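# Breakdown of the fold
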Protein chains: 2
Amino acid sequence: MLSRDSIHSTAQFSAPSPTTTSGGLSRLSGTAQDKLARDYFASQIHSLGATRYFINNTGSQFALFDFSASMPSVPPIAMGSHLDSVETGGRFDGPLGVLGALEVVRSLKEQGVRTFAPIVVINWTNEEGARFFPPLGSSVVYAGQSSVSAAQESKANDGSGGTLGEALRGIGYVGDGPNTFEEFPISAHFEIHVEQARTLEKAGKSVGWVTGWQGISVFEMVFRGEDGHANTYAMDEVHRRDSLVGASKVIVEIERLALSNNGITTVTGIRSGPVGSCNIQSWTKITFCLMHQESSKLFAIGEEMKARALAQAKLGGLEMEVERVMHLEPGEFWPEAVDCVKRACGDRGMAAKTLTAHDSTMTTLVCPTAMVFARGKEGISHCAQEWTSKEDCAESAEVLGKAVLNYDEVLRKKYEA
Amino acid sequence: MLSRDSIHSTAQFSAPSPTTTSGGLSRLSGTAQDKLARDYFASQIHSLGATRYFINNTGSQFALFDFSASMPSVPPIAMGSHLDSVETGGRFDGPLGVLGALEVVRSLKEQGVRTFAPIVVINWTNEEGARFFPPLGSSVVYAGQSSVSAAQESKANDGSGGTLGEALRGIGYVGDGPNTFEEFPISAHFEIHVEQARTLEKAGKSVGWVTGWQGISVFEMVFRGEDGHANTYAMDEVHRRDSLVGASKVIVEIERLALSNNGITTVTGIRSGPVGSCNIQSWTKITFCLMHQESSKLFAIGEEMKARALAQAKLGGLEMEVERVMHLEPGEFWPEAVDCVKRACGDRGMAAKTLTAHDSTMTTLVCPTAMVFARGKEGISHCAQEWTSKEDCAESAEVLGKAVLNYDEVLRKKYEA
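Residues numbered from 1 in each chain as written. Chains lettered and ligands numbered in written order. Predicted model: local features only at pLDDT ≥ 70, side-chain atom pairs only at ≥ 80, totals over all residues. Heavy atoms only, no water.

## Here we look at the domain arrangement of chain A
Residues and elements named next belong to chain A. Spelled out, the test is: Domain ranges listed in this record stem from an automatic or a database domain assignment. We call two residues contacting when some pair of their heavy atoms lies within 4.5 Å. By buried area we mean the combined loss of accessible area, with a 1.4 Å probe, across both parts when two parts are placed together.
Domain annotation for chain A reports domain 1 (2–213 + 330–416) and domain 2 (215–328). When each unit is reduced to the centre of its C-alpha atoms, the spacing between domain 1 and domain 2 is 34 Å. Taken residue by residue, the interface counts 12 residues in domain 1 and 13 residues in domain 2. In total, domain 1 and domain 2 occlude about 940 Å² of area from one another, counting both sides; carbon and sulfur atoms represent 72% of this.

Here it is in structure tokens:
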């Protein structure tokens, strides 16, 4: 029952939520609260007897445990997730995966299990991308999709100009690496995560094996009009080019478009200027994500959104720039790893897809990866009401442990063959 | 020709504009650039032989000139405007009124004119309200409509949490008063301002006498929905309560409403949260102003906007709070003061109304007040392209001087009667 207990006790490492008074978690990457959670992680892995501990250049914490009875040269099997949260997070998205992994280690140790491969537990940095964009800040580097310097220069979403690297240095969590799969290979990566949809809940299943993920594109659009006096410019004059009105029309239109195409879209941020109470907003920037299960539809809807936004901008006399700042193709996890989770679930579980990205959607690019879903409540996530029962938390940790041992056996056979 | 020359030479006291590379003015209240302009003002009035100079508690600069041949107990006639600008300002809105007043003083001095009343030149603080809300930051206190402490606590529009008082202290421009008309009465207030509409331009007139102003209401609306994951929440679920989509629909709707009612509305700011790239925006705040020539229409359209926004919010499952944070009834300047400007204009001028608020719309609450319009270009204002020709600048200053002398004569007769 430890993982759930530690989930609630470590939820003390939280800033006050801007929207709720209790129950949630607000632990943005690189904040004082993140430091406390990281320090807790370090103290736990030391007391569990980690044989090697390092922090890499993007702040991720790696703790190695050598339960191996045989070849120390076999790359470790990893269990990882993240301790950071969004600003208005629930307590499970992220922490369940890390604290559940620690529980598996504790259990293996208590039972004196000897594995074929060593075990590594990872707390990945800035999975959420809530304070600094892009998300998956460290696992994306590990998977060779970005560089350490690009990750360190991830920009603050609030426009304050800060970077992830500065924030990590500020809390003393920039290490020396290794940073990539090539520098520190792992045999596989397993991750528990709360399901952020209702598949398990509706079917009455406590756990699930995650077969794949839907695709995600993130776009930034900037609309540029003309500066003008808020009080005095007539509204029917040709030269009133109000970027905020234009952007608002686009927001309404892309929502309709996603709905009618069975996709999902969310505008996750808006900023405009000039600052003040007496000016037409001459520039407005919006960021939105578009999700779809099918790659072709994801692309087609995205193109249609861009076309309609451009048409709307032209109607309003605005210039528009658009950039796709992140893209994740829909995909499938490794069957050999998924099978290990499936066998661990048994008939308490079922197959499910995740609707978002995780550190595992990065590691799966370089090594066998699979995820364990724990049943959520009403699909609620990134919200103080996010919930998984004590029993489901424990069960997901048990499945994680069994999946790792299943994969350890797969590995042993591979090496012995 | 000095006022126009000094307008362009003092435009060096400007931050880089966020939207243009040349021609404009970015001199937000309480910034380093504002300090430079204030220092320039102080050096000018000293070299012109000001007999008394003070800075009040809201940072306004008052420079007294005693050209009076008679009763020193007559309250001075004021000429004032503001040296601050919006973030993307033109060079004329504000500075023309202050630098034109300095030119009048120079001219009176050179010609050895003896007036009945002393003269005071005022640089009012934070007229624009661009960096700190509300606008008319110091004249509103002078007119007894607000307090020194409320003005000093004017909040930063960018949400940074700073106040006008802190900014003024930061540049060394918080004085000891006097702050109000009662503490420092004036006989009248005259102000040159660039017209921010096309009345003069269309009629081929270089100057104008301003008879009154249209009404302005400023509203803040906050929409509150629910936190949720940007990627995973289905769009057709009842619990997706996206405050930014709701606010966008309201923005589009209030624009239509103002247009169809012959009013003007502008949404001057939007902020939303939580911060990040992976959350539904659970709160969104918009600020907008509504303008109309008629008081009853201004009120009625405002009520209709609130009702429609509330209906839209309910449709989206949102809570809504609305507050009218500023209100200015449409009104007329004092006929006895307007007449002095009208006579000064002669047939080069015409009557016009201003579409926005000025420091004069505050002083007119406590003493005879009138304004001189200088012809603008295409109604453009709060924009780098704002423009008044060298000749029209000079003419407006000439009219200001004559209007003050006209009023001085009115005053002499009043006192002698």
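That shown, we press on.
## Some points on the relation of the copies chain A and chain B
How we decide: In this comparison the copies share one frame, found by least squares on the C-alpha atoms of residues holding pLDDT of at least 70 in both.
Each copy superposes on the other: chain A lies on chain B with an RMSD of 0.0 Å after a rotation of 180° and an axial shift of 0.0 Å. A rotation of that kind, with that shift, is consistent with a two-fold axis. Residues of chain A ranked by C-alpha distance from the rotation axis are headed by Ser248 of chain A, positioned 2.3 Å from it. Interface overlap between copies is the fraction of interface residues in one copy that are interface residues in the other; for chain A against chain B it reaches 100%, indicating a shared surface.

## Regarding the sheet that holds strand β9 (residues 215–224) of chain B
Residues and elements named next belong to chain B. Selection criterion: Being paired, for any two strands, means DSSP has found at least two bridges between them. Helix and strand labels come from DSSP, where a helix needs a run of H or I of at least four residues and a strand needs a run of E of at least two; each type is numbered from the N terminus. Axis definition: a line fitted to C-alpha atoms, limited for helices to the stretch in contact. Angles are taken between N-to-C directions and run from 0 to 180 degrees.
Spatially, β10-β11-β9-β12 is the arrangement adopted by the 4 strands of the open sheet, whose pairing is antiparallel. Since the sheet does not close on itself, it has two edges, and those belong to β10 (264–273) and β12 (319–328), each with one partner. Across the sheet, the axes of successive neighbouring strands diverge by a mean angle of 15°, strand direction being ignored. Across 9 bridges, β9 lies against β12 in antiparallel orientation. Bridging from a neighbouring strand, Val218 pairs with Met326 of β12.

## Some points on the interface of chain A and chain B
The cut-off we apply is this: We count a salt bridge whenever a side-chain nitrogen from Lys or Arg sits within 4 Å of a carboxyl oxygen from Asp or Glu. Throughout this description, a polar contact denotes any pair of N or O atoms lying within 3.5 Å of each other; where both atoms belong to protein, one of them has to be capable of donating a hydrogen while the other can accept it, and for residues adjacent in sequence the pair is counted only when both atoms sit in side chains.
If you look at the interface, chain A gives 69 residues, while chain B gives 69 residues. In total, chain A and chain B occlude about 5500 Å² of area from one another, counting both sides; carbon and sulfur atoms represent 59% of this. For the salt bridge of Lys249 of chain A with Glu255 of chain B, the shortest nitrogen-to-oxygen distance reads 3.9 Å. Here chain A and chain B share 34 residue pairs in polar contact (both at pLDDT 80 or more) between them. Elements with a contribution of two residues or more to the side of chain A that touches chain B: α8 (243–260), β10 (264–273) and β11 (283–292) of chain A.

## Comments concerning the pairing of strand β4 (residues 119–123) of chain B
Residue and element names in this part refer to chain B. Our working definition: Any residue under 20% of the maximum accessible area for its type is buried, any over 50% is exposed, and the rest in between are partly exposed; the area is computed with a 1.4 Å probe on protein chains only.
Within β4, 5 of the 5 residues are buried, which leaves it mostly tucked inside the rest of the structure. The alternating pattern of β4 places Ile119, Val121 and Asn123 and Val120 and Ile122 on opposite faces, both of which are buried. The pairing of strand β2 (residues 61–65) with β4 spans 5 bridges and is antiparallel. Each bridged residue has a counterpart across the sheet, and for Ala63 the counterpart in β4 is Val121. Bridge analysis of strand β3 (residues 77–81) against β4 gives 5 bridges, and the strand direction is parallel. Looking at the pairing, Met79 lines up with Val121 of β4.

## Brief notes about the packing of α8 of chain A against helix α9 (residues 295–315) of chain A
Residue and element names in this part refer to chain A. Rules: These descriptions rest on fixed angle ranges, namely under 35 degrees for roughly parallel, over 145 for roughly antiparallel, 65 to 115 for roughly perpendicular, and the rest for oblique. Here a crossing is called left-handed whenever its near helix is offset anticlockwise from the far helix by less than a right angle, and right-handed whenever the offset is clockwise. Gly is put with the polar residues, along with every residue not named as nonpolar or charged; the nonpolar set is Ala, Val, Leu, Ile, Met, Phe, Trp, Tyr, Cys and Pro, and the charged set is Asp, Glu, Lys and Arg.
For the pair α8 and α9, the least separation of the axes is 10 Å and the interaxial angle reads 150°. As the angle between them shows, α8 and α9 are arranged roughly antiparallel. As for the relative orientation of α8 and α9, their crossing is right-handed in sense. For the pair α8 and α9, the contacting residues are Gly246, Lys249, Val250, Glu253, Ile254, Leu257 and Ala258 in the first and Ile301, Glu304, Met305, Arg308, Ala309 and Gln312 in the second. Grouping the constituent residues of the contact of α8 with α9 by class yields 7 nonpolar, 2 polar and 4 charged.

## Some details on the nonpolar core
Threshold: Only buried Ala, Val, Leu, Ile, Met, Phe, Trp, Tyr and Cys residues count toward a nonpolar core, and they belong to the same one when joined by side-chain atoms within 4.5 Å.
Core analysis: the biggest nonpolar cluster contains 196 residues, and Phe65, Phe190 and Ile286 of chain A together with Phe190 and Ile286 of chain B have the highest contact counts within it. Not counting chain neighbours up to four residues away, the residues in contact with Phe190 of chain B comprise Ile77, Ala78, Met79, Gly80, Ala337, Cys340, Val341, Ala370, Leu400, Ala403, Val404 and Tyr407 of chain B.

## As for the environment of Ser14 of chain A
Residue and element names in this part refer to chain A. Tracing the chain through its elements places Ser14 in the loop between α1 (2–10) and α2 (32–47). Residue class for Ser14 comes out partly exposed when judged on its relative accessible area of 21%. Residues Ser14 and Ala352 lie 338 residues apart in sequence; the distance between their C-alpha atoms is 30 Å. Beyond its immediate stretch of four places on either side in the chain, Ser14 contacts Gly24, Leu25, Ser26 and Gln33.

## So, the sheet that holds β11 of chain A
Neighbouring strands of a sheet are bound in pairs by backbone hydrogen bonds; such pairs are parallel or else antiparallel. All names here are of chain A. Sheet architecture is open: 4 strands sit in the order β10-β11-β9-β12, paired in antiparallel fashion. Two strands bound the open sheet, and with one partner strand each, they are β10 and β12 (319–328). Neighbouring strand axes in the sheet, compared pairwise and without regard to direction, differ in orientation by 15° on average. Bridging between β10 and β11 involves 9 bridges; their strand directions are antiparallel. When the sheet's bridge partners are listed, Thr266 is paired in β11 with Cys289. Sheet strands touched by α9: β9 (215–224), β10, β11 and β12. Its angle to β9, the strand with the most contacts, is close to 10°.

## Quick notes on the environment of Gln145 of chain B
Residues and elements named next belong to chain B. In this structure, Gln145 sits in the loop between α4 (139–142) and α5 (148–152). Sequence separation of Gln145 and Glu391 is 246 residues, and the distance between their C-alpha atoms is 37 Å. With residues near it in sequence (within four places) discarded, Gln145 still touches Val140, Met362 and Leu365. Within the structure, Gln145 has its side chain in polar contact with the backbone oxygen of Ala143 (distance 3.4 Å).

## Regarding the pattern of salt bridges
All names here are of chain A. Applying the stated criterion to the full structure yields 33 salt bridges over all chains. The closest approach of N and O atoms between Glu332 and Lys353, which form a salt bridge, is 3.8 Å. Taken as a pair, Glu332 in strand β13 (residues 331–332) and Lys353 in strand β14 (residues 349–354) lie far apart in primary sequence, 21 residues in all. Arg348 is the partner of Glu395 in a salt bridge, and the nearest nitrogen-oxygen pair spans 3.6 Å. Of this pair, Glu395 sits in helix α12 (residues 390–416) while Arg348 sits in the loop between α10 (335–345) and β14, placing them 47 residues apart in sequence. Of the residues examined, Glu395 reaches a relative accessible area of 17% and is grouped as buried. If you follow the salt bridges from partner to partner, you end up with Arg348, Glu395, Glu398 and Lys402 in one network.

## Here we look at the packing of aromatic side chains
All names here are of chain A. For the record, the criterion: Any Phe, Tyr or Trp ring, taking Trp's six-membered ring, that has another such ring centre within 6.5 Å forms a pair; planes under 30 degrees apart are called stacked, those over 60 apart edge-to-face, and the others tilted. For a Lys NZ or an Arg CZ to count as sitting over a ring, it must be within 6 Å of the ring centre and within 35 degrees of the ring normal.
What the rule picks out here adds up to 28 aromatic pairs over all chains. A centroid spacing of 5.5 Å and a plane angle of 80° characterise the contact between Phe92 and Trp387, whose relative ring orientation is edge-to-face. Remark: Trp387 occurs in the loop between β15 (369–374) and α12 and Phe92 occurs in the loop between β3 (77–81) and α3 (95–110); sequence separation between them is 295 residues. Note on Trp387: relative accessible area 36%, which makes it partly exposed. A network of ring pairs unites the aromatic residues Phe54, Phe62, Trp124, Tyr142, Phe181 and Phe184 as a single cluster. Between Arg38 and the ring centre of Tyr173, over which it is positioned, the NZ or CZ distance is 4.9 Å.

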